[in-house]
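Observations on the three-dimensional arrangement
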Amino acid sequence: MTLNNTTIFKQACLINGDWMTTSDRLDVTNPASNEVIATVPNIDGDTINKAVDAAEAAFKLWRKVPAPERGEIVRRWHDLIVAHTDVLAEIMCCEQGKPLSEAKGEIAYAASYVKWFAEEAMRINGEILPGAAAGTHIRVSREPVGVCAAITPWNFPAAMITRKVAPALAAGCAIIVKPASQTPLTALALGELGIRAGIPKGVLQVVTGKASVIGDALCKNTKVRKLSFTGSTEVGSHLMAQCSHDVKKLSLELGGNAPFIVFDDADIDRAVEGLLKAKFRNAGQTCISPNRVYVHNAVIETFQTKLVAKVNALKVGNGLDDGVDIGPLIDAPAVDKVIEHVENALRNGAKLLAGGQRLAFGSNWYAPTVLTDVSATAQCACEETFGPLVPIIPFASEEQVIGYANDTPFGLAAYFYTDNLHRAQRVVDEIESGMVGINTGVISAANAPFGGVKASGLGREGAHVGIEEYLEMKYQCYAMKNL
Ligand code: SIN
């Protein structure tokens, strides 16, 4: 571990511009080795309330900073993130486990949101509308929501922060970030870079501690006007209930159960490549990861043969080592869940084509696995596995597979492969999902609206709509004299 040598490696909370520490600490471990690599403060609800007061004071000043100046500060944050790619990626790899190359990719992805929203600061426009009565006219302006809170997950320790914080800052809001307890170090490093970029004290704060304590304090505090959360549907709906008392504005990026459909007219090589990229990104610990793979009977043999050859060639190992494609899962319970899903599928008639076992590296490792003849009602087809499992389910017709795809409470991402344009349009129209990849497994981008329908969430992140989540409209009706 060389992390202590870098000045952005912080083991304290960023509160009102100062690095605050406590004697009560939480361990941060490397999932590759289970070794403790750092400790961070376990702060209490009173400290959160102080951070909210600081955010409120900072917000009053920040909202008045002219948009070009706010945008310029956010852009400087972007430049510093890019300049620190290597060290940020190393911190991320050590606390999260993903391969270094993937961690560098995530830093670039995280920075792309910061750049996007630095520019969007200049495009917070209003409207002038014809008045409803003689002599009146209507103006609609957009104002920052106020103090915001972001509760972020461990699977993307940088990108899930920047795509909440950057639009909040660009809109003129102050924001408190509570990163996942497993991955606070990337968040704290981003906070330090924020200070260096000139984000004023109190405008961006990063707090660490128990999710239940901090989440509770943020939700109870009526000065917090907006909560943005990425994580499970279960926790999201709990937070939604906790925010109901004062009707906070909410953005929720929740669980998925993405179908990946390969039709008989698909380019099979492209479908295999697309599935590998989408499924094994972050060892399958991605909300938009294909969770159920439906392959038409006519092409299933060819598809499976090509897929299994590629899956068997994936290199699993410590993310810091060269050439590694897949690292550990976040913890042992995550592996237990994959095992449960594999065993359930096998009991219900599935056949194992690749992988299928915990690896000898330690408790957090599982082999990339392919199952076929999985039942459409197997556990892995109904619940998010969040691990390196490809369950293949055969299908016979377009109608049947659309029925399978939509038979879920979730609707985050969906993917399908076909070379038939008419089919592509029909399937897009039928599929119940916030995002659809057609002949691609790579759909995430800062200029695209990320988000789901049904139990997968509320609101969108990224794109020009992403900043709207941090703005309120104000309608003004002007009645003119002497007209
Ligand atoms: C997620 O898993 O929620 C984020 C994935 C992405 O932004 O591509």
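Above this text sits the structure in question.
Numbering of residues begins from 1 in every chain and follows the order in which that chain's sequence is written. Reporting in this predicted model follows two pLDDT cut-offs: at least 70 for local features of residues, and 80 or more for side-chain atom pairs to be given and counted; totals over whole chains, interfaces and linings ignore these cut-offs and use all residues. For the side-chain quantities, the full set of heavy atoms in the structure was used; hydrogens and water were omitted.

1. Structural notes on the packing of aromatic side chains
- Think of it this way: a Phe, Tyr or Trp ring, Trp meaning its six-membered ring, pairs with another when their centres are within 6.5 Å, and the plane angle makes it stacked under 30 degrees, edge-to-face over 60, tilted otherwise. Within this structure, the stated rule accounts for eight aromatic pairs.
- Centre to centre, the rings of Phe263 and Phe395 are 5.6 Å apart; their planes meet at 85°, and the pair counts as edge-to-face. Taken together, the positions of Phe263 in the loop between strand 12 (258-262) and helix 9 (268-280) and Phe395 in strand 16 (residues 389-395) put the pair 132 residues apart, joining distant regions of the chain.
- For the exposure calls, accessible area comes from a 1.4 Å probe over protein chains only, and a residue counts as buried if that area is under 20% of its type's maximum, exposed if over 50%, partly exposed in between. Residue Phe263 is classed as buried on the basis of its relative accessible area of 1%.
- A relative accessible area of 1% places Phe395 in the buried class.
- Here the aromatic residues Phe260, Tyr415 and Tyr417 are joined through ring pairs into a cluster of three or more.
- Lys98 extends its terminal NZ or CZ atom over the ring of Phe156, reaching a point 4.0 Å from the ring centre.
- Counted as over-ring charges are cases with an Arg CZ or a Lys NZ within 6 Å of the ring centre that also lie within 35 degrees of the ring normal. Positioned above the aromatic ring of Tyr470, the side-chain terminus of Lys226 is 4.8 Å from the ring centre. Secondary structure is summarised from DSSP: a helix means a run of H or I of at least four residues, a strand means a run of E of at least two, and numbering begins at the N terminus for each.

2. Comments concerning the environment of Phe395
- Remark: the alpha-carbon pair of Phe395 and Val262, spanning 133 residues in sequence, is separated by 9.5 Å.
- Here a residue-residue contact requires only that any non-hydrogen atoms of the pair lie within 4.5 Å. Phe395 has contacts with Ile261, Val262, Phe263, Tyr294, Val295, His296, Asn297, Gln400, Val401 and Tyr404, leaving out every residue within four places of it along the chain.

3. With respect to the site of the ligand
- One heavy atom within 4 Å of a molecule or strand is enough for the residue carrying it to be called near that molecule or strand. For the ligand, the full set of nearby residues is Tyr109, Asn155, Phe156, Met160, Arg163, Arg281, Thr286, Cys287, Ile288, Ser444 and Phe450.
- In protein, a polar contact requires one atom able to donate a hydrogen and another able to accept it; more generally it is a pair of N or O atoms within 3.5 Å, and residues adjacent in sequence count only if both atoms are side-chain atoms. Take Asn155: an N or O atom from its side chain is 3.3 Å from an oxygen atom of the ligand.
- Within the backbone of Cys287, a nitrogen or oxygen atom sits 2.8 Å from an oxygen atom of the ligand.
- Taking 260 Å² as the accessible area of the ligand by itself, protein coverage stands at 100%.
- The class makeup of the residues in the shell around the ligand is six nonpolar, three polar and two charged. The protein chains shown are the only cover counted for residues, whose accessible areas, like all others here, come from Shrake-Rupley with a 1.4 Å probe. Under the scheme applied here, ten amino acids are nonpolar (Ala, Val, Leu, Ile, Met, Phe, Trp, Tyr, Cys and Pro), four are charged (Asp, Glu, Lys and Arg), and all others, including Gly, are polar.

4. Here we look at the side chain of Gln379
- Inspection of the secondary structure assignment puts Gln379 in helix 12 (residues 379-382).
- Residue classification places Gln379 among the buried positions, given a relative accessible area of 17%.
- There is a polar contact of 2.7 Å between the side chain of Gln379 and the side chain of Glu340.
- Leave out the neighbours within four places in its chain, and Gln379 touches Glu340, His341 and Asn344.

5. Looking at the packing of helix 2 (residues 67-83) against helix 4 (residues 100-120)
- Angles here are taken between N-to-C directions and fall from 0 to 180 degrees, while the axes themselves are lines fitted to C-alpha atoms, restricted in helices to the stretch in contact. Across the interface, helix 2 lies against helix 4 with an axial gap of 8 Å and an inter-helix angle of 165°. In terms of orientation, helix 2 lies roughly antiparallel with respect to helix 4. The chirality of how helix 2 crosses helix 4 is left-handed. Where helix 2 abuts helix 4, its residues Gly71, Val74, Arg75, Trp77, His78, Ile81 and Val82 lie against Ile107, Ala111, Val114, Lys115 and Ala118.
- Here the residues of the contact of helix 2 with helix 4 sort into eight nonpolar, two polar and two charged. Throughout this description, any angle smaller than 35 degrees is read as roughly parallel, any larger than 145 degrees as roughly antiparallel, any in the 65 to 115 degree range as roughly perpendicular, and the remainder as oblique. Left-handed describes a crossing whose near helix is turned anticlockwise from the far helix through less than a right angle; right-handed describes the clockwise counterpart.

6. With respect to the packing of helix 2 against helix 6 (residues 184-197)
- Orientation of helix 2 relative to helix 6, taken along the N-to-C sense of each, is 130°, at an axis distance of 8 Å. With respect to helix 6, the element helix 2 is oriented oblique. The crossing of helix 2 and helix 6 is right-handed. From helix 2, Ile73, Arg76, Trp77, Leu80 and Ile81 reach across to helix 6, where they touch Leu190, Leu193, Gly194, Arg196 and Ala197.
- For the contact of helix 2 with helix 6, the residue count by class is seven nonpolar, one polar and two charged.

7. Some remarks on the sheet that holds strand 6 (residues 136-144)
- What the three strands build is an open sheet, ordered 5-6-22; its pairing is antiparallel. Edge positions in the open sheet fall to strand 5 (127-130) and strand 22 (471-479), since each of these has one partner strand only. Pairs of neighbouring strands in the sheet enclose a mean axial angle of 25°, with direction left out of account.
- In this structure, strand 5 lies alongside strand 6, joined through four bridges in antiparallel fashion. The residue of strand 6 that forms the bridge with Pro130 is His137. Think of it this way: DSSP has to see at least two bridges between two strands before they count as a pair.

8. Examining helix 1 (residues 45-62)
- Every helix has an expected span of 1.5 Å times one less than the residues it contains. Counted at 1.5 Å a residue, the expected span for helix 1 with its 18 residues is 26 Å, and the 25 Å between its end C-alpha atoms agrees.
- Every buried residue of helix 1 is listed here: Thr47, Ile48, Ala51, Val52, Ala54, Ala55, Ala58, Phe59 and Trp62. Buried residues of helix 1 fall within an arc of 170° about the axis and therefore sit on the same side. More than 90 degrees from the buried face of helix 1, the exposed residues found are Asp46 and Lys50. This arc corresponds to the set of directions leading from the helix axis out to the C-beta atoms.

9. Regarding the pattern of salt bridges
- By salt bridge we mean one thing: a side-chain nitrogen of Lys or Arg within 4 Å of a carboxyl oxygen of Asp or Glu. On inspection of all chains with the given rule, the structure shows 25 salt bridges.
- Here Arg163 and Glu461 are joined by a salt bridge, their closest N and O atoms 2.7 Å apart. Note that Arg163 is positioned in helix 5 (residues 159-171) and Glu461 in the loop between strand 21 (457-458) and strand 22, a separation of 298 residues in sequence.
- By relative accessible area, which is 3% here, Glu461 ends up buried.
- Salt bridges here are not isolated pairs; linked through shared partners, they connect Asp264, Asp265, Glu398, Arg423 and Arg426.

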